[in-house]
Amino acid sequence: MIRRKNFRYVVADWPVPDATRAIESVGYGHVRGAFERAEVDALRRDLDDVFDRYPPDLRGGRPSADNAEMFRYEAFNRSPAAQGVMADRRILDVVEPLISDDCHVIACTAWRNPPDPSHAPRGQEWHTDAGPHVPRPPGVPWPDDIPYPIFAIAVHVFLADCALEDGPTAVIPGSHRSGLAPPVERQWDEELSFDGEDTTPLLASAGDVAFFASDLWHRRLPPRPGGTGRYFLQINYARRDLAQRVRPTSAVNHTTAEARARATSERDRQLLGLHPERFYDG
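Here the residue numbers are simple positions, counted from 1 along each chain's written sequence. Local features in this predicted model are restricted to residues of pLDDT 70 or higher, and side-chain atom pairs are both shown and tallied only at a pLDDT of 80 or more, whereas totals for entire chains, interfaces and linings draw on every residue. Side-chain measures were taken over the full set of non-hydrogen atoms in the model, leaving aside hydrogen atoms and water.

Q: Run through the nonpolar core, naming residues and quoting values.
A: Ranked by size, the top nonpolar core spans 41 residues in total, and within it Leu47, Ile91, Val155, Val157, Leu233, Ile235 and Tyr237 carry the most contacts. Among the elements that make up this core, the one with the highest residue count is helix H6 (residues 89–99) (6 residues). Apart from residues no more than four positions distant in its own chain, Ile91 is found in contact with Phe35, Val85, Val155, Val157, Val209, Phe211, Ile235 and Tyr237. Here the nonpolar core consists of buried residues drawn from Ala, Val, Leu, Ile, Met, Phe, Trp, Tyr and Cys, with membership extended through side-chain atoms lying within 4.5 Å. Under the scheme applied here, a residue whose accessible area is under 20% of the maximum for its type counts as buried, over 50% as exposed, and between as partly exposed, the area being computed with a 1.4 Å probe on protein chains only. Segments assigned H or I by DSSP are reported as helices when at least four residues long, segments assigned E as strands when at least two residues long, and all are numbered from the N terminus. We call two residues in contact when some of their heavy atoms are within 4.5 Å.

What follows is the structure in structure tokens.
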């Protein structure tokens, strides 16, 4: 657990929610029934309106218009309800002890996956959202007496029940401590393990909130016939030191036209902070 003191992170320990301890120890946590049905319905109505009013875009490397249709980025800019939820203490009380009480939102995206499995017949491959933040060679374990540092946390606020047929997110407990990315040769395996821990699907009910560290190995399992689709608000919180990615750097940056004109290579552009779009750019 950390907090800011004199503008520096310091280690601290105080009573925290069980989900906070779980994120630190196994990489993910789950708070069931965090939001009441009326709150879920209000957020869902607001995000339905966002989907109606704003067209999809292809940022973040979306492969097709059909794929992009399932997402709406920068949700807190477009939905007062989403902005309210991301500041809710029921979420902040879980994430702040891990990434400090000056953490900020680096991405905020509404996900609405249709029930037809054809939109993602294999689900999504095993991946991490970022990191590993402390990369290590295989076979070098993280010491048990040092809590693994958390830099960014994904939060899923479920607006609909998510069963196995819906293609839930699956995680591998403890894999956030591996110092490794998931093995590329097994990125589509439905069953994967790390250090004796097997694949765990995050089944949820509307109103639940799931949390997982950005280093955690996770994927979407393949949706199956009979599912009803997925609907959730994903909010990514990070330490203050990590830049926001709510809009791509091509749209929001600190550069002048003259400086951009002088950047004649991709590396020149990166040094100016003009990066290719990646996962958080939404």
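After that view of the structure, there is still more to cover.
Q: Can you explain the pairing of strand E11 (residues 209–213)? Please cite residues and give values.
A: Within E11, 5 of the 5 residues are buried, which leaves it mostly tucked inside the rest of the structure. Residues Val209, Phe211 and Ala213 line one face of E11 and the alternating positions Ala210 and Phe212 line the opposite face, and both faces are buried. Strand pairing requires that DSSP identify at least two bridges connecting the strands. The pairing of strand E3 (residues 28–31) with E11 spans 4 bridges and is classified as antiparallel. Bridge pairing links Tyr28 to Phe212 in E11.

Q: Break down the sheet that holds strand E10 (residues 200–201) for me, with residues and values.
A: Spatial strand order, E10-E7-E12: 3 strands in an open sheet with antiparallel pairing. At either end of the open sheet lies a strand with only one pairing partner, and these are E10 and strand E12 (218–220). Taken together, the 3 bridges between strand E7 (residues 169–171) and E12 define a ladder with antiparallel strand orientation. Within E12, the residue paired with Ala170 across the bridge is Arg219.

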